[in-house]
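What follows is each chain in one-letter form.
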Amino acid sequence: MGRARSTERRAEILRAALEVIAERGYRGASLGAVAERVGLSQQGLLHYFPTKEALLVAVLEERDQWDTGGGTRSDGRWRLDLLASLVEYNAMRPGIVQTFSALLGESVTEGHPAREFFTRRYTQVRASMATTLRAEYGERLPGGLTPERAAPLLVAVMDGLQYQWLLDPDSVDMSAVFQDFLTLLGSPEPHVPENPQA
């Protein structure tokens, strides 16, 4: 009973932290504001998360758990068709996407507590996407790139689309644009005449 309640309480704190970070940014979010939202004292919150950094990393890890829960196979590899579903899913939860994007942007600054998390995450995500692309296309994509060379492009499109969509959701249909990119990935290299002067 105690362990189940503790797990439930941690989940409640993580949800509250997401909300507070989405509203105020990581630097503006305080442990006190998160504690207040879940009806705890700041000291009570420290029982679950000893530092603000520990809470931040837990929030980011939790967000990744939600993302990978339904989109992977048993070997942990993404399926290309389900990446499009993830993009659609993200379009239904702007608060979480906003929090993730804000933290990602902040993490590039020196000494930010999420920097190591995002650096490690991108290394893992690029490797996972390369594996996904290899399963779909083999050792070469139709345009000639290897899965390892195409993987950073795939990740960049997913994250870059989120920023564009957050700034102007009426102009950027994240799901449709991502489908267009998948179409481009699967298209052979356009034919270029050998001697256009001839």
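Note: the structure precedes this text.
Residues numbered from 1 in each chain as written. Predicted model: local features only at pLDDT ≥ 70, side-chain atom pairs only at ≥ 80, totals over all residues. Heavy atoms only, no water.

Q: With reference to specific residues and values, describe the side chain of Gln162.
A: With respect to the secondary-structure elements, Gln162 resides in helix H8 (residues 147-167). If we ignore the near neighbours within four places in the chain, the residues touching Gln162 are Arg63, Asn90, Val97, Phe100, Ser101 and Met174. (Helix = DSSP H or I, 4+ residues; strand = E, 2+ residues; numbered from the N terminus. Contact = heavy atoms within 4.5 Å.)

Q: Outline helix H6 (residues 94-107), listing residues and values.
A: Compared with the 20 Å implied by 1.5 Å per residue over 14 residues, the 19 Å span of H6 between its first and last C-alpha is a close match. Every buried residue belonging to H6 is among Ile96, Val97, Thr99, Phe100, Ser101, Leu103, Leu104, Glu106 and Ser107, and all of these are buried. (Expected span 1.5 Å × (residues − 1). Buried < 20%, exposed > 50% of the residue type's maximum accessible area, 1.4 Å probe, protein only.)

Q: Quick one: what's the story with helix H9 (residues 174-185), residue by residue and with numbers?
A: Its twelve residues give H9 an end-to-end C-alpha distance of 17 Å, which sits within 8% of 16 Å, the value for a rise of 1.5 Å per residue. Every buried residue belonging to H9 is among Met174, Ser175, Phe178, Phe181, Leu182 and Leu185, and all of these are buried. Looking straight down H9, one finds that the buried residues subtend no more than 120° of arc, so they occupy a single side. Across H9 from its buried face, at more than 90 degrees, point the exposed residues Thr183 and Leu184. Here the buried face of H9 lies against helix H5 (80-91), helix H7 (115-137) and H8. (Arc of directions from axis to C-beta.)

Q: Explain the packing of aromatic side chains to me, using residue names and the numbers behind them.
A: Aromatic ring pairs are defined here through the distance separating the ring centres and the angle between the ring planes. Tallied over the entire structure, the rule returns two aromatic pairs. Judged by centre distance (5.3 Å) and plane angle (70°), the rings of Phe100 and Phe118 are edge-to-face. With Phe100 in helix H6 and Phe118 in helix H7, this residue pair connects regions lying 18 residues apart in the sequence. The pair Phe100 / Phe118 is uniform in exposure class, with both members buried. Measuring from centroid to centroid gives 5.3 Å for Phe117 and Phe118, while their planes differ by 80°, and the two rings are edge-to-face. We classify Phe118 as buried; its relative accessible area is 3%. Ring-pair connections join several aromatic residues into one group, and the members of that group are Phe100, Phe117 and Phe118. Across the ring face of Tyr122, the terminal group of Arg121 is positioned such that the distance to the ring centre comes to 5.8 Å. (Phe/Tyr/Trp six-rings, centres within 6.5 Å; stacked < 30°, edge-to-face > 60°. Lys NZ or Arg CZ within 6 Å of the ring centre and 35° of its normal.)

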